[in-house]
Amino acid sequence: VYKRQAWGRHEPNWTSRFNYQSNETPSSNIFQTGVGSVVERFTKERVNDRSTGITGIIPKLGWTYDLSYTDQDSASTAPFSSLNPTFSSGLVLNGTLPVLKGFLWGREWVEVRSTNIAVGISEQRFRQQVMDTVQDIAEAYWNLAARTDAREVADKSLETARALLDQTEAQYEVGVVSRVEVVESEAGVADRDFRLIQAENQHRTAQDQLVDLVFGTRLRPSSRIDVQAADDPDKFVPYEVNETAAAEKAFEHRPELAVVRGEVEQQEIQVKFARNQRLPQLDVVGIYGYQGLAGDCDPTARNCIPGLFPRAYGDADDEFLTGDAADQWSAGLVMSIPLRTSSARAQHRKSDIQLRQIRTREVRLEQTII
């Protein structure tokens, strides 16, 4: 979701505009009213103006573009207008190309790169959670096996204490031992009985922990599950470990280390972005497009050549993208140099310190893994 959101900043946006305008301008001389015509107090003009187009940002380069189509139809009561009504249209491409600040390190592209790394970090954190869960289950299982053995030991110890008590009582009846030794044997039975109760409680707790890890949200208040460890710890076979090879394998596959390395990569991007923000702003701006015109000759205009322009509204842009089109273009440079860059320098310094902190955390994590 976050990845699509970051890429969405480069998706083009469609815009459209419509404007209707009606003007009445007071007439003050004969050139505005027309020779031989009825004097009008106002010169009236009606204009319909429309535009539509797309704007966007080119990924990675940071260049912005605006491709728009405009058309306008107007009619006026003013004399000496060659065409009345007049239909005009235009197809124009505007571009702004950063060449210093923002080039290859625009804010939108930095967000895309950071988000791509964040997706990998999330996957590694999920792997870490799975591995931790598996490890917790294994530890809980062997803890249950140990508690099972401890309960059996406590039970056998109680049996031994009871047998000793029976023997002591028999010896007391024949006068071989004193009453004190009988009391001591009774105390030993009570102590072994208490230890058995503790061992049984610890065994049940170990069962509950394992059941909770394995069944999780499927448990209900009425759930009654009894789990017994099938493995015998005495039959566990140890194996030799090559510490160097194990550490290298851990450095390659441990997800928590991959998470930190992803954070290092993210912060390196932030450092380079902060360094780029210290540069002056130098943009190449350009415009290229076509203009079209159509309309009827005004009967009062003497300088209009009939048939020179198409008359219909839809014919104003017939010559677009052809060699006969009336094209227009311009190119230039826009530079902006901040007199002071304290904020940009401070942000770059801050990003660099954060990068060193994360790298130190990576080294410490490697030490912990070793």
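Residues numbered from 1 in each chain as written. Predicted model: local features only at pLDDT ≥ 70, side-chain atom pairs only at ≥ 80, totals over all residues. Heavy atoms only, no water.

Considerations on the overall build of the protein
For the protein, the count of helices and strands is seven helices and six strands. Put simply, the protein runs from its N terminus to its C terminus through helices and strands in the order α-β-α-β-β-β-α-α-α-α-β-β-α. Counting over 370 residues, the protein shows a buried share of 26%. Sequence-distant contacts in the protein: of pairs separated by 6 or more residues, those separated by 24 or more amount to 76%. For the protein, the computed accessible surface area is about 25,000 Å², with 54% contributed by carbon and sulfur atoms. (Helix = DSSP H or I, 4+ residues; strand = E, 2+ residues; numbered from the N terminus. Buried < 20%, exposed > 50% of the residue type's maximum accessible area, 1.4 Å probe, protein only. Contact = heavy atoms within 4.5 Å. Areas by Shrake-Rupley, 256 points an atom, 1.4 Å probe, with all protein chains shown as cover.)

Observations concerning the nonpolar core
Note on soluble globular proteins: their nonpolar side chains tend to be buried together. In this structure, Ala250, Leu257, Val260, Val264, Val271, Leu355, Ile358, Leu365 and Ile369 together form the largest nonpolar core, which totals nine residues. Going through the elements one at a time, helix H6 (255-276) and helix H7 (342-369) are the ones with two or more residues in this core. Once you skip the residues sitting within four places of it in the chain, Leu355 turns out to touch Val264, Gln267, Glu268 and Val271. Within the second largest apolar cluster, eight residues are counted, among which are Ala154, Ala161, Val189 and Ala199. (Core = buried A, V, L, I, M, F, W, Y, C linked by side-chain atoms within 4.5 Å.)

Comments concerning the packing of H6 against H7
Direction vectors running N to C along H6 and H7 enclose 165 degrees, while the axes themselves pass 9 Å from each other. When the axis of H6 is compared with that of H7, the two are roughly antiparallel. In this structure, the crossing between H6 and H7 has a hand that is left-handed. For the contact of H6 with H7, the residue count by class is 10 nonpolar, six polar and 10 charged. (Axes fitted to C-alpha atoms, helices over the stretch in contact; angles between N-to-C directions. Parallel < 35°, antiparallel > 145°, perpendicular 65-115°, else oblique. Left-handed = near helix turned anticlockwise from the far one by under 90°. Nonpolar A, V, L, I, M, F, W, Y, C, P; charged D, E, K, R; others polar.)

Some points on a positive patch on the surface
A surface patch of positive charge is lined by Lys60, Arg113, Lys272, Arg275, Arg278, Arg340 and Arg345. Relative to the helices and strands, Arg345 is located in helix H7. (Patch = residues over 30% accessible without salt bridge, like charges linked within 9 Å, V, L, I, M, F, W, Y side chains within 5 Å. Salt bridge = Lys/Arg side-chain N within 4 Å of Asp/Glu carboxyl O. Lys, Arg positive; Asp, Glu negative; His and termini not counted. Charge placed at Lys NZ, Arg CZ, Asp CG, Glu CD.)

Digging into a negative patch on the surface
Together, Glu152, Asp155, Glu159, Asp193 and Glu200 make up a negatively charged patch on the protein surface. When residues of the negative patch are traced back to their parent elements, those giving at least two are helix H3 (107-173) and helix H4 (179-215). Take the negative patch: its biggest share by element is three residues, from H3. By secondary structure assignment, the location of Glu152 is in helix H3. On the basis of relative accessible area, Glu152 is assigned to the partly exposed category, the value being 41%.

Quick look at the pairing of strand E5 (residues 281-297)
In this structure, strand E4 (residues 83-98) lies alongside E5, joined through 14 bridges in antiparallel fashion. When the bridges of E5 are listed, Leu93 appears paired with Tyr288. Where E5 and strand E6 (residues 326-336) come together, 11 bridges link them in antiparallel fashion. Bridged to Gly286 within E6 is Ala331. (Pairing = 2+ DSSP bridges.)

Things to note about unusual backbone geometry
In this model, Lys60 sits at a positive phi of 70 degrees, which is unusual for a non-glycine residue. With respect to the helices, strands and loops of the structure, Lys60 is situated in the loop between strand E2 (42-57) and strand E3 (64-76).

So, the environment of Ile137
Following the sequence through the fold, Ile137 ends up in helix H3. Each C-alpha atom, one on Ile137 and one on Val214, is 7.2 Å from the other, the two residues being 77 residues apart in sequence. Ignoring anything within four residues of it in the chain, the contact list for Ile137 reads Leu210, Leu213 and Val214.

Brief notes about the packing of aromatic side chains
Remark: the centre distance and the inter-plane angle together describe each pair of aromatic rings, the angle taken between the planes. Tallying each qualifying case throughout the model produces four aromatic pairs. Between Tyr288 and Tyr290 the ring centres are 5.6 Å apart and the planes differ by 80 degrees, which places this aromatic pair in the edge-to-face class. By relative accessible area, Tyr288 is classed as partly exposed at 37%. Clustering of aromatic rings is evident, with ring pairs tying together Tyr288, Tyr290 and Phe320. In this structure, Arg179 is placed above the aromatic ring of Tyr172, and the distance from its NZ or CZ to the ring centre is 5.6 Å. (Phe/Tyr/Trp six-rings, centres within 6.5 Å; stacked < 30°, edge-to-face > 60°. Lys NZ or Arg CZ within 6 Å of the ring centre and 35° of its normal.)

A few points about the pattern of salt bridges
Within this structure, the stated rule accounts for 16 salt bridges. For the salt bridge of Arg261 with Glu362, the shortest nitrogen-to-oxygen distance reads 3.4 Å. Of this pair, Arg261 sits in helix H6 while Glu362 sits in helix H7, placing them 101 residues apart in sequence. For Arg261, a relative accessible area of 33% gives the class partly exposed. Salt bridges sharing partners connect three or more residues here, namely Arg46, Arg50, Asp71 and Asp73.

Here's the deal with the packing of H3 against H4
The geometry of H3 relative to H4 is characterised by a closest axis approach of 8 Å and an angle of 165 degrees between their N-to-C directions. Relative to H4, the element H3 is oriented roughly antiparallel. Along this stretch, H3 crosses H4, giving a crossing that reads as left-handed. Residue composition of the contact of H3 with H4, by class: 19 nonpolar, 10 polar and 13 charged.

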